[in-house]
Amino acid sequence: MTIRIEICAAWPDRCLRQSLELPEGASLMTVREHAGLSEPLRDAWGLAAAVSVYGVSKPLREPLMDGDRIELLRPLAADPKEARRQLARLKGLDAAAPRRRRDGGQGRSV
């Protein structure tokens, strides 16, 4: 019995996708070592910060299911918190300052 899976990597400079047929019970480790995995995807796997199945991180030895999509996740280009701080500085806002309330600070009573 075999299962069919898809491997994809969507990075700013390239988008890669490949389908593979594997024996039932195959894991992420099996996919990484599979002879049919394309060279560009093999390279992307080596550069990936994480690997997920439908966006959920899975142990490398957990068996895959028919129809699973393996996603190779790229490293973050910047720390999200630091990026927000820099954007606030550019806009002239103080990131540490308390935010204004939309209701003028009056608090609504229901």
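Residues numbered from 1 in each chain as written. Predicted model: local features only at pLDDT ≥ 70, side-chain atom pairs only at ≥ 80, totals over all residues. Heavy atoms only, no water.

## Digging into the pattern of salt bridges
(1) Moving on: Within this structure, the stated rule accounts for seven salt bridges.
(2) Moving on: Note that Lys58 is salt-bridged to Glu62, the shortest N-O span being 3.8 Å.
(3) Moving on: According to the relative accessible area criterion, Lys58 is partly exposed, its value standing at 31%.
(4) Moving on: Among the residues examined, Glu62 registers a relative accessible area of 33% and is labelled partly exposed.
(5) Moving on: Salt bridges sharing partners connect three or more residues here, namely Glu82, Arg85 and Arg89. (Salt bridge = Lys/Arg side-chain N within 4 Å of Asp/Glu carboxyl O. Buried < 20%, exposed > 50% of the residue type's maximum accessible area, 1.4 Å probe, protein only.)

## Remarks on the pairing of strand β2 (residues 14–23)
(1) Moving on: Direction of pairing for strand β1 (residues 2–11) relative to β2: antiparallel, over a ladder of ten bridges. Opposite Ile7, over in β2, you have Gln18 as the bridge partner.
(2) Moving on: The antiparallel pairing of β1 with β2 creates a hairpin that spans two residues between the two strands. (Pairing = 2+ DSSP bridges. Helix = DSSP H or I, 4+ residues; strand = E, 2+ residues; numbered from the N terminus.)

## Considerations on the side chain of Glu71
(1) Moving on: Checked against the element boundaries, Glu71 lands in strand β5 (residues 69–73).
(2) Moving on: A relative accessible area of 13% means that Glu71 is categorised as buried.
(3) Moving on: Among the polar contacts made by the side chain of Glu71, one reaches the side chain of Arg69 at a distance of 2.3 Å.
(4) Moving on: Setting aside chain neighbours within four positions, we find Glu71 in contact with Cys8, Ala50, Val51, Ser52, Tyr54 and Gly55. (Polar contact = N/O pair within 3.5 Å; in protein donor to acceptor, adjacent residues only side chain to side chain. Contact = heavy atoms within 4.5 Å.)

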